[in-house]
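Inside the fold
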Amino acid sequence: MQMDLGETPGVLEFTGPDAVRFLNGQVTQDVRLVMGGTKVLPSCVTDAKGKLQFRIWLAGAGPEAVVVFCQEGAAEDLEARLTRYLIADDVEVKDRTREISTRDFDFPDTLDEEARIKAGFPKWGAELKEGMLPPEAGLDTTDISYNKGCYIGQEVISRIKSAGKVNRTLTKLNFEAEVTPGEILNGEGKVCGEVTSVSGNIGLGYLKRNVDGSGELLRDGVVVTIRG
């Protein structure tokens, strides 16, 4: 699992008797799972339509303390988004960027670009962008708890799971020659997907629903195939 937050990740610390309960109502992951150790878990912050706003990592820092790691430079915006719903809860929030390190917790190693693409791990700014639906990138298997109860965007995310489909899916790709990120066309010249990351002759990208690779796929005239 890829951890890519930049050289200086943003860090917010939530403390108080309501910290865990409050955050559980704001993020897609079950915060209770990281309490009482150095375990970390990825999670999403979504809007009321279930669309991605931030990807974060959660860690427990004591019986009433939760540390939230976010993309470099995003701490202020993340704090504003989360505390917008902080009304009567007994929670204190502090920006601890540069004070708390990822080295204090059991984060996975950050992979180089080729290894990341081989593994199929999405990256912020490439496969992950604000406004997308997390299940499109497969984050429903890593970042989302379907058992913990309500959070902002939960109804939409749960409906997607019940329907069993999204309009596009993150896919591992092979290329017959060097390509750059951009639109993928089918044999009729219609856009059916997008290459988002490339390393040599392999890459990651999104393919629209019902595109199974049985027909011709092209990026800049180069044949694209689905990598198993």
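The preceding data block contains the structure.
Notes on the structure in this doc start here. Every chain is numbered on its own, with residues counted from 1 as its sequence reads. Owing to the predicted nature of the model, reporting of local features is limited to residues with pLDDT of at least 70; listing and counting of side-chain atom pairs is limited to 80 or more, with chain, interface and lining totals taken over all residues. Side-chain measures were taken over the full set of non-hydrogen atoms in the model, leaving aside hydrogen atoms and water.

To form a nonpolar core, buried Ala, Val, Leu, Ile, Met, Phe, Trp, Tyr and Cys residues must be joined to one another through side-chain atoms within 4.5 Å. Per-residue accessibility, obtained with a 1.4 Å probe over protein chains only, is compared with the maximum for each type, and a residue is labelled buried under 20%, exposed over 50%, and partly exposed between these values. Of all hydrophobic cores here, the largest spans 23 residues; its most connected members are Phe14, Leu23, Val31, Ile56, Val68 and Leu78. Numbering of helices and strands starts at the N terminus; helices are DSSP runs of H or I of at least 4 residues and strands are runs of E of at least 2. Put simply, the parts of the chain that give this core at least two residues each are β1 (10–15), α1 (19–24), β2 (40–46), β3 (52–60), β4 (65–70) and α2 (75–83). The element best represented in this core is α1, accounting for 4 residues.

Another aspect to go through is the sheet that holds β2. Pairing is antiparallel in the open sheet, where 5 strands are placed in the order β2-β3-β4-β1-β5. Single-partner strands in this sheet number two, and they are β2 and β5 (92–95). On average, each strand axis in the sheet is tilted by 30° relative to the strand beside it, whichever way the strands run. Pairing between strands is defined by DSSP: at least two bridges between the two strands are required. Where β1 and β4 come together, 6 bridges link them in antiparallel fashion. Along β4, the bridge assignment pairs phenylalanine 14 with valine 66. Contacts from α2 reach β1, β2, β3, β4 and β5 within the one sheet, and its direction differs from that of β1 by about 30°. Every axis in this analysis is a line fitted to C-alpha atoms, fitted for helices over the stretch in contact. Angles between the N-to-C directions lie between 0 and 180 degrees. Throughout, a residue-residue contact means that at least one pair of heavy atoms, one from each residue, lies within 4.5 Å.

Residue placement: serine 43 occurs in strand β2. For serine 43, a relative accessible area of 0% puts it in the buried group. A polar contact of 3.0 Å, which involves the side chain of serine 43, links it to the backbone nitrogen of glutamine 29. Leaving out residues up to four positions away in the same chain, serine 43 has contacts with Val27, Thr28, Gln29, Phe54, Arg55, Ile56, Leu58 and Asp143. Any pair of N or O atoms that falls within 3.5 Å is considered a polar contact. Within protein, one atom must be able to donate a hydrogen and the other to accept it, and sequence-neighbouring residues count only if both atoms are side-chain atoms.

The next subject is the sheet that holds strand β9 (residues 202–208). Spatial strand order, β6-β9-β8-β7-β10-β11: 6 strands in a closed barrel with antiparallel pairing. Each strand axis lies, on average, 40° off the axis of its neighbour in the sheet, ignoring direction. Sheet analysis places strand β7 (residues 182–186) next to strand β10 (residues 217–219), joined by 2 bridges and oriented antiparallel. Paired with asparagine 186 across the bridge in β10 is leucine 217.

Moving on: the side chain of aspartate 30. Along the chain, aspartate 30 falls in the loop between α1 and β2. For aspartate 30, a relative accessible area of 9% puts it in the buried group. A distance of 3.5 Å separates the side chain of aspartate 30 from the side chain of asparagine 24, its partner in a polar contact. For aspartate 30, the side chain forms a polar contact with the side chain of arginine 32, separated by 2.9 Å. For aspartate 30, the residues in contact, after removing those within four places along its chain, are Asn24, Ser145 and Lys148.

Right, let's get into the pattern of salt bridges. Put simply, a salt bridge is a Lys or Arg side-chain nitrogen that is within 4 Å of an Asp or Glu carboxyl oxygen. Under the definition given, this model contains 14 salt bridges. In this structure, arginine 96 and glutamate 99 form a salt bridge, with 2.6 Å as the shortest nitrogen-oxygen distance. For glutamate 99, a relative accessible area of 54% gives the class exposed. Between lysine 123 and glutamate 113 there is a salt bridge; the shortest N-O distance is 3.8 Å. Residue lysine 123 is located in the loop between α3 (113–119) and α4 (154–163), and its partner glutamate 113 is located in helix α3; the two are separated by 10 residues in the primary sequence. Note on lysine 123: relative accessible area 27%, which makes it partly exposed.

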